[in-house]
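This is what each chain is made of:
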Amino acid sequence: DEPETGLSKKPEAPPLLERKITIYFKRNSNELPDESYQTLNRIADFILHSTAARISIKGYTDSTGDYSYNVSVSRFRANTIKTYLVGKGVDSANIKTDGLGPENPIATNDTAQGRQKNRRVDVVISAYIANSVDDLYTLLNEGRGQSFNINPAEATKLIAREGTMILIPANAFIGKDGKPVNT
(Lines give C-alpha, C1' and ligand atoms only; values in the text may rest on other atoms or scores of the structure.)
Protein backbone atom coordinates (compact mmCIF):
# COMPACT_ATOMS: atom_id res chain seq x y z
CA ASP A 1 0.00 0.00 0.00
CA GLU A 2 1.16 3.48 -0.87
CA PRO A 3 0.80 6.24 1.73
CA GLU A 4 -2.11 8.63 1.16
CA THR A 5 -0.71 11.96 -0.04
CA GLY A 6 -3.93 13.79 -0.85
CA LEU A 7 -2.66 14.30 -4.39
CA SER A 8 -4.33 12.70 -7.34
CA LYS A 9 -2.23 10.26 -9.31
CA LYS A 10 -1.13 11.22 -12.80
CA PRO A 11 -3.57 9.44 -15.07
CA GLU A 12 -2.14 6.52 -16.94
CA ALA A 13 -2.33 6.57 -20.72
CA PRO A 14 -5.41 4.85 -22.12
CA PRO A 15 -4.84 1.39 -23.59
CA LEU A 16 -3.21 1.39 -27.00
CA LEU A 17 -4.61 -1.02 -29.54
CA GLU A 18 -2.07 -1.86 -32.22
CA ARG A 19 -2.67 -4.06 -35.19
CA LYS A 20 -0.32 -4.89 -38.04
CA ILE A 21 -1.61 -5.86 -41.45
CA THR A 22 0.78 -7.01 -44.16
CA ILE A 23 0.16 -6.59 -47.88
CA TYR A 24 2.42 -8.50 -50.29
CA PHE A 25 3.50 -7.18 -53.69
CA LYS A 26 4.76 -8.83 -56.86
CA ARG A 27 8.39 -8.35 -57.86
CA ASN A 28 9.08 -4.86 -59.30
CA SER A 29 5.40 -3.96 -58.94
CA ASN A 30 3.72 -1.04 -57.22
CA GLU A 31 0.19 -2.16 -58.05
CA LEU A 32 -2.07 -2.95 -55.16
CA PRO A 33 -2.95 -6.64 -55.18
CA ASP A 34 -6.66 -7.24 -55.83
CA GLU A 35 -7.08 -9.00 -52.50
CA SER A 36 -5.84 -5.90 -50.60
CA TYR A 37 -8.76 -3.59 -51.44
CA GLN A 38 -11.21 -5.13 -48.97
CA THR A 39 -8.62 -4.92 -46.18
CA LEU A 40 -7.71 -1.31 -47.04
CA ASN A 41 -11.40 -0.35 -47.11
CA ARG A 42 -11.84 -1.80 -43.60
CA ILE A 43 -8.78 0.13 -42.40
CA ALA A 44 -10.13 3.38 -43.88
CA ASP A 45 -13.53 2.79 -42.29
CA PHE A 46 -11.94 2.17 -38.88
CA ILE A 47 -9.75 5.28 -39.08
CA LEU A 48 -12.64 7.46 -40.24
CA HIS A 49 -14.59 6.45 -37.13
CA SER A 50 -11.71 6.78 -34.67
CA THR A 51 -10.24 10.25 -34.19
CA ALA A 52 -7.56 8.83 -31.90
CA ALA A 53 -6.10 6.42 -34.49
CA ARG A 54 -2.89 6.76 -36.47
CA ILE A 55 -1.38 4.67 -39.27
CA SER A 56 2.26 3.83 -39.92
CA ILE A 57 2.97 2.37 -43.35
CA LYS A 58 6.38 0.78 -43.98
CA GLY A 59 7.35 -0.59 -47.36
CA TYR A 60 9.95 -3.33 -47.90
CA THR A 61 11.55 -5.23 -50.76
CA ASP A 62 13.66 -8.33 -51.09
CA SER A 63 17.43 -7.87 -51.23
CA THR A 64 17.95 -8.53 -54.94
CA GLY A 65 18.99 -5.60 -57.11
CA ASP A 66 20.26 -2.13 -56.35
CA TYR A 67 19.77 -0.89 -52.79
CA SER A 68 18.66 2.65 -53.71
CA TYR A 69 16.21 1.26 -56.29
CA ASN A 70 14.75 -1.06 -53.65
CA VAL A 71 14.33 1.85 -51.21
CA SER A 72 12.58 3.84 -53.94
CA VAL A 73 10.25 0.93 -54.77
CA SER A 74 9.44 0.34 -51.11
CA ARG A 75 8.69 4.05 -50.57
CA PHE A 76 6.46 4.09 -53.64
CA ARG A 77 4.53 1.03 -52.40
CA ALA A 78 3.96 2.65 -49.00
CA ASN A 79 2.77 5.85 -50.67
CA THR A 80 0.46 3.87 -52.97
CA ILE A 81 -1.34 2.55 -49.90
CA LYS A 82 -1.39 6.01 -48.30
CA THR A 83 -2.86 7.52 -51.48
CA TYR A 84 -5.58 4.86 -51.53
CA LEU A 85 -6.51 5.52 -47.89
CA VAL A 86 -6.52 9.31 -48.39
CA GLY A 87 -8.76 8.75 -51.42
CA LYS A 88 -11.19 6.99 -49.07
CA GLY A 89 -11.28 10.05 -46.80
CA VAL A 90 -8.52 9.34 -44.27
CA ASP A 91 -6.68 12.51 -43.22
CA SER A 92 -3.12 12.34 -44.58
CA ALA A 93 -1.89 13.91 -41.31
CA ASN A 94 -2.82 10.62 -39.58
CA ILE A 95 -0.59 8.55 -41.88
CA LYS A 96 3.18 8.23 -41.72
CA THR A 97 5.01 6.40 -44.52
CA ASP A 98 8.52 5.07 -44.87
CA GLY A 99 10.35 3.01 -47.49
CA LEU A 100 13.01 0.76 -45.99
CA GLY A 101 14.00 -1.34 -49.01
CA PRO A 102 15.53 -4.67 -48.01
CA GLU A 103 15.78 -3.82 -44.29
CA ASN A 104 14.01 -5.98 -41.70
CA PRO A 105 13.41 -9.13 -43.78
CA ILE A 106 10.83 -11.53 -42.36
CA ALA A 107 12.14 -14.48 -44.38
CA THR A 108 15.34 -15.56 -46.07
CA ASN A 109 16.26 -13.84 -49.32
CA ASP A 110 17.98 -17.04 -50.47
CA THR A 111 14.77 -18.57 -51.86
CA ALA A 112 12.04 -17.30 -54.19
CA GLN A 113 9.43 -18.01 -51.51
CA GLY A 114 11.39 -16.04 -48.90
CA ARG A 115 11.92 -13.10 -51.26
CA GLN A 116 8.17 -13.01 -51.98
CA LYS A 117 7.45 -12.67 -48.25
CA ASN A 118 9.90 -9.78 -47.99
CA ARG A 119 8.19 -7.79 -50.80
CA ARG A 120 5.59 -6.32 -48.50
CA VAL A 121 4.09 -3.28 -46.88
CA ASP A 122 3.29 -3.37 -43.17
CA VAL A 123 0.36 -1.20 -42.16
CA VAL A 124 0.32 -0.61 -38.40
CA ILE A 125 -2.82 0.91 -36.93
CA SER A 126 -2.49 2.47 -33.49
CA ALA A 127 -5.64 3.55 -31.68
CA TYR A 128 -6.14 4.69 -28.14
CA ILE A 129 -9.22 3.24 -26.49
CA ALA A 130 -11.04 5.29 -23.85
CA ASN A 131 -12.57 2.85 -21.38
CA SER A 132 -13.31 5.46 -18.73
CA VAL A 133 -13.79 9.17 -18.22
CA ASP A 134 -10.17 9.36 -17.02
CA ASP A 135 -9.00 7.72 -20.27
CA LEU A 136 -11.09 10.18 -22.28
CA TYR A 137 -9.71 13.12 -20.29
CA THR A 138 -6.14 11.95 -20.98
CA LEU A 139 -6.85 11.56 -24.70
CA LEU A 140 -8.34 15.05 -24.90
CA ASN A 141 -5.39 16.58 -23.03
CA GLU A 142 -3.01 14.91 -25.50
CA GLY A 143 -4.95 16.29 -28.48
CA ARG A 144 -6.22 12.89 -29.62
CA GLY A 145 -9.90 13.73 -29.58
CA GLN A 146 -12.38 16.57 -29.76
CA SER A 147 -13.45 18.75 -26.88
CA PHE A 148 -16.51 20.94 -26.45
CA ASN A 149 -17.46 23.66 -23.99
CA ILE A 150 -20.86 22.93 -22.45
CA ASN A 151 -23.08 25.13 -20.31
CA PRO A 152 -24.53 22.52 -17.93
CA ALA A 153 -27.61 24.68 -17.27
CA GLU A 154 -28.66 24.52 -20.95
CA ALA A 155 -29.69 21.64 -23.20
CA THR A 156 -26.81 20.94 -25.60
CA LYS A 157 -26.57 19.16 -28.93
CA LEU A 158 -23.03 18.10 -29.89
CA ILE A 159 -22.13 16.97 -33.39
CA ALA A 160 -18.67 15.45 -33.60
CA ARG A 161 -16.31 15.57 -36.55
CA GLU A 162 -17.56 12.26 -37.96
CA GLY A 163 -21.24 13.07 -37.44
CA THR A 164 -21.81 11.41 -34.08
CA MET A 165 -24.55 13.35 -32.27
CA ILE A 166 -24.88 13.58 -28.51
CA LEU A 167 -27.86 15.24 -26.84
CA ILE A 168 -27.27 16.45 -23.28
CA PRO A 169 -30.29 17.75 -21.38
CA ALA A 170 -30.01 20.79 -19.11
CA ASN A 171 -28.85 19.99 -15.57
CA ALA A 172 -27.66 16.51 -16.60
CA PHE A 173 -24.34 16.90 -14.79
CA ILE A 174 -24.45 16.01 -11.10
CA GLY A 175 -21.82 17.21 -8.64
CA LYS A 176 -20.28 15.22 -5.80
CA ASP A 177 -22.91 16.70 -3.51
CA GLY A 178 -25.66 15.08 -5.61
CA LYS A 179 -26.99 18.40 -6.93
CA PRO A 180 -27.03 19.53 -10.59
CA VAL A 181 -23.98 21.44 -11.71
CA ASN A 182 -25.13 24.83 -13.04
CA THR A 183 -21.89 26.55 -14.01
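## Looking at the pairing of strand S3 (residues 95-99)
As paired elements, strand S2 (residues 53-59) and S3 share five bridges and run parallel to each other. Counterpart to Ser-56 in the pairing with S3 is Lys-96. Read from S2 through helix H2 (residues 67-87) to S3, the crossover connection turns out right-handed.

## What to know about the environment of Asn-28
By secondary structure assignment, the location of Asn-28 is in the loop between strand S1 (16-24) and helix H1 (36-48). When the C-alpha atoms of Asn-28 and Asn-70 are compared, they prove to be 8.9 Å apart, with 42 residues separating the residues in sequence. Here Tyr-69 takes part through its side chain, which lies 3.2 Å from a polar atom of the side chain of Asn-28.

## Notes on the pattern of salt bridges
All told, the structure shown has two salt bridges when counted by the stated rule. In this structure, Arg-119 engages Asp-62 in a salt bridge whose closest nitrogen and oxygen atoms are separated by 2.6 Å. Taken together, the residues Arg-119 in the loop between helix H3 (112-118) and strand S4 (120-128) and Asp-62 in the loop between S2 and H2 connect sequence positions 57 residues apart. Like Arg-119, the residue Asp-62 is buried in the burial classification. Where Arg-120 meets Asp-122, a salt bridge forms, and the shortest distance between an N and an O atom there is 3.4 Å.

## Side note on the packing of H1 against H2
Running from N to C, H1 and H2 point in directions that differ by 55°, and their axes come no closer than 9 Å. As far as their axial angle goes, H2 and H1 are oblique. Classified by chirality, the crossing of H2 by H1 is right-handed. Within the contact between the two elements, H1 uses Tyr-37, Leu-40, Asn-41, Ile-43 and Ala-44 and H2 uses Ile-81, Tyr-84 and Leu-85.

## A closer look at the packing of aromatic side chains
Per the stated rule, a full pass over the model turns up one aromatic pair. Between the aromatic rings of Tyr-37 and Tyr-84, the centroid separation amounts to 5.4 Å while the plane-to-plane angle is 65°, which identifies the pairing as edge-to-face. Residue Tyr-37 is found in helix H1, and its partner Tyr-84 is found in helix H2; the two are separated by 47 residues along the sequence. Just above the ring of Tyr-60 sits the side chain of Arg-120; from NZ or CZ to the centre is 3.9 Å.

Quick notes on the rules
- Residues numbered from 1 in each chain as written.
- Predicted model: local features only at pLDDT ≥ 70, side-chain atom pairs only at ≥ 80, totals over all residues.
- Heavy atoms only, no water.
- Pairing = 2+ DSSP bridges.
- Helix = DSSP H or I, 4+ residues; strand = E, 2+ residues; numbered from the N terminus.
- Right-handed = clockwise from strand over helix to strand, strands pointing away.
- Polar contact = N/O pair within 3.5 Å; in protein donor to acceptor, adjacent residues only side chain to side chain.
- Salt bridge = Lys/Arg side-chain N within 4 Å of Asp/Glu carboxyl O.
- Buried < 20%, exposed > 50% of the residue type's maximum accessible area, 1.4 Å probe, protein only.
- Axes fitted to C-alpha atoms, helices over the stretch in contact; angles between N-to-C directions.
- Parallel < 35°, antiparallel > 145°, perpendicular 65-115°, else oblique.
- Left-handed = near helix turned anticlockwise from the far one by under 90°.
- Contact = heavy atoms within 4.5 Å.
- Phe/Tyr/Trp six-rings, centres within 6.5 Å; stacked < 30°, edge-to-face > 60°.
- Lys NZ or Arg CZ within 6 Å of the ring centre and 35° of its normal.

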